Amino acid sequence: MLSRRNGILFIEDVSTIYLAQRFGTPIYVTSKRQLEKNVLAYKDAFPNSEILYAVKANNNLAIMKIISKQGFGADVFSAGELYMALLAGFSRDKILFNGNSKSEEEIEMGILAKVKFSVDSTDELRTINEIAGNFGEEIEIAFRVNPEIDPKTHPKIATGLRESKFGIPMEDAVRAYELALSLENVKPVGLHFHIGSQILETSPFVEAMEKLEKLFFELEKIGVKFDFIDIGGGLGIDYEGKGAPTPRDLANAVIPVFEKIKSNLSSKPKLWLEPGRSIVGNSTILLTRVNAVKKGYKNFVAVDAGFNILIRPVMYGAYHRVLVADKEGEDEIYTIVGPICESGDIIAKDRKLPKTEKGDIIAILDTGAYGFVMSSQYNGRPRCAEILVNGEKAVVIREKESFGDLIAKQRIPEWI
Ligand code: LLP
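Reference entry: report on the structure contained in this document.

About the criteria used
- Residues numbered from 1 in each chain as written.
- Predicted model: local features only at pLDDT ≥ 70, side-chain atom pairs only at ≥ 80, totals over all residues.
- Heavy atoms only, no water.
- Helix = DSSP H or I, 4+ residues; strand = E, 2+ residues; numbered from the N terminus.
- Rg over C-alpha atoms; globule rule 2.2 N^0.38 Å.
- Buried < 20%, exposed > 50% of the residue type's maximum accessible area, 1.4 Å probe, protein only.
- Contact = heavy atoms within 4.5 Å.
- Areas by Shrake-Rupley, 256 points an atom, 1.4 Å probe, with all protein chains shown as cover.
- Patch = residues over 30% accessible without salt bridge, like charges linked within 9 Å, V, L, I, M, F, W, Y side chains within 5 Å.
- Salt bridge = Lys/Arg side-chain N within 4 Å of Asp/Glu carboxyl O.
- Near = heavy atom within 4 Å.
- Polar contact = N/O pair within 3.5 Å; in protein donor to acceptor, adjacent residues only side chain to side chain.
- Core = buried A, V, L, I, M, F, W, Y, C linked by side-chain atoms within 4.5 Å.
- Pairing = 2+ DSSP bridges.
- Right-handed = clockwise from strand over helix to strand, strands pointing away.

Description of the overall build of the protein
Phase 1 of the analysis: Looking only at helices and strands, the protein features twelve helices and 21 strands.
Phase 2 of the analysis: For 416 residues, the compact-globule estimate of 2.2 N^0.38 gives 22 Å, and the C-alpha radius of gyration of the protein, at 23 Å, lies within 12% of that figure.
Phase 3 of the analysis: Projected onto its principal axes, the C-alpha coordinates of the protein cover approximately 70 × 60 × 40 Å.
Phase 4 of the analysis: Per-residue burial for the protein yields a buried fraction of 55% across its 416 residues.
Phase 5 of the analysis: Sequence-distant contacts in the protein: of pairs separated by 6 or more residues, those separated by 24 or more amount to 68%.
Phase 6 of the analysis: Accessible area for the protein stands at about 18400 Å²; split by element, carbon and sulfur atoms hold 50% of it.

A word on a nonpolar patch on the surface
Phase 1 of the analysis: On the surface, Leu61, Tyr83, Leu87 and Met109 cluster together into a nonpolar patch covering about 380 Å² of accessible area.
Phase 2 of the analysis: Looking at the secondary structure, you find methionine 109 in helix 5 (residues 104-112).

Re the site of the ligand
Phase 1 of the analysis: By nearness alone, 18 residues border the ligand, and Ser197, Glu274, Arg312, Tyr316 and Tyr370 come closest of all.
Phase 2 of the analysis: Between a nitrogen atom of the ligand and a side-chain N or O atom of aspartate 75, the distance comes to 3.1 Å.
Phase 3 of the analysis: A distance of 2.6 Å is found between a nitrogen atom of the ligand and a side-chain nitrogen or oxygen belonging to glutamate 274.
Phase 4 of the analysis: For the ligand, the protein covers 93% of the area, taking 580 Å² as the surface of the free molecule.

Observations concerning the pattern of salt bridges
Phase 1 of the analysis: For the structure on display, the rule yields 21 salt bridges.
Phase 2 of the analysis: In this structure, lysine 114 engages glutamate 137 in a salt bridge whose closest nitrogen and oxygen atoms are separated by 2.7 Å. Highlighted residues: lysine 114 in the loop between helix 5 and strand 8 (116-119) and glutamate 137 in the loop between helix 6 (122-134) and strand 9 (139-146), separated in sequence by 23 residues.
Phase 3 of the analysis: Residue glutamate 137 is classed as partly exposed on the basis of its relative accessible area of 22%.

Digging into the nonpolar core
Side chains that are nonpolar tend, in soluble globular proteins, to be buried together.
Phase 1 of the analysis: Of all hydrophobic cores here, the largest spans 77 residues; its most connected members are Phe46, Tyr53, Ile67, Phe90, Phe143 and Leu191.
Phase 2 of the analysis: No other element matches helix 8 (residues 203-221), which puts eight residues into this core.
Phase 3 of the analysis: Sequence-distant contacts of isoleucine 67, defined by excluding residues within four places in its chain, comprise Leu35, Val39, Tyr53, Phe72, Phe90, Ile279 and Val280.

Overview of the environment of proline 275
Phase 1 of the analysis: Its location among the elements puts proline 275 in the loop between strand 13 (270-273) and helix 10 (277-280).
Phase 2 of the analysis: When its relative accessible area of 2% is taken as the criterion, proline 275 is described as buried.
Phase 3 of the analysis: A C-alpha to C-alpha distance of 5.7 Å links proline 275 and alanine 54, two positions 221 residues apart in sequence.
Phase 4 of the analysis: Residues contacting proline 275, with those up to four places away along its chain left out, are Tyr42, Ile51, Leu52, Tyr53, Ala54 and Gly233.

Here we look at the pairing of strand 13
Phase 1 of the analysis: When strand 5 (residues 50-54) meets strand 13, the two strands line up parallel, connected through two bridges. Among the inter-strand pairings, isoleucine 51 is bridged to a residue of strand 13, identified as leucine 273.
Phase 2 of the analysis: The pairing of strand 12 (residues 228-230) with strand 13 spans three bridges and is parallel. Along strand 13, the bridge assignment pairs isoleucine 229 with leucine 271.
Phase 3 of the analysis: Chirality of the crossover, the property in question, places the unit of strand 12, helix 9 (residues 247-263) and strand 13 among those that are right-handed.

Purely spatial values, then, with no claim about function.
Given below as structure tokens:
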């Protein structure tokens, strides 16, 4: 999706210099072509599976609509995500309501929307049963089970370790499913796990399935019939240009194990997946303008996007490749910093870049996943716009916020 034309960085057939001029900076710019390519890669690799896009990665309605149109379902982690997923056209029978701490209001909304639930505790199970009973509904559920796997990723995004807050311990699973079978308004139809994010090997997925194999048989013995086994999301992407497994690699690793488990089960579950990052991550760049270049202890390039716009480098020490829109080369080593009043506001450390000046446009790559969705208004900075590019076309898919948006929900009591 990215190319150089006469030295200028293009996304599809649109110049990044033009985009920055026309829409201002900072802006997130998404390539429709790349997004569709990623969606098709999953469809091709998993033709008999249900693919639930993890809405948390990027909940822009236009982006989600491109994904829902390809028949994907959605993994939602809050009532707000459920609301947006329904608006974006995801079909309710392919929506799984995830979450480790759902409020009664959220559970009620999920029940009224008639989606399936991934249940994180027996407390939650009882709440769902009670609320479903009030509405005369029977809700299909899976438990999220913690397979205790180390996915070898950043500790903040490893979710299936023994000490993780997510899921029920494996040793409690049979009891939890027994309880579900005994309750009138819930029906266990699946099992769910998710071991972490930005996983660069396929072996942890296989390991998790193998670890749970015995449990599936035990659960069938007590009367559970599986419609699906959901192996979560987590496939990593190539942030550093060092390679990453593709959906095809994941399929080659997990489908044979899944088929083997399935052949020994009396129910015939479908394989479900919940990719987020690997669908949207590399479809988007963040364009930011250089406000100042300063030589100090280090060479600093101060840009207009900080951790208010992209928090990943600060929060996870994440690496994002950086390009200057109309220059190439490796003249200097720069540290790119944002405008936020915190010394930790560093987007990219010690990067070899062409000689950079005030006014240059810098592209930060692979920012489609956990980019805009994790942005904030910190330091009184309105959130930025999002743009979708399709061939030569570029349109706004989220307007930049105004100063009015900074105060829109604030109230000053009259007694002040
Ligand atoms: N399913 C569940 C239950 C999840 O918790 C997640 C991500 C996914 C699916 C999608 O995982 P993915 O395919 O995107 O790796 N903000 C962090 C990532 C947090 C991931 C949270 N859960 C980051 O920027 O790296």
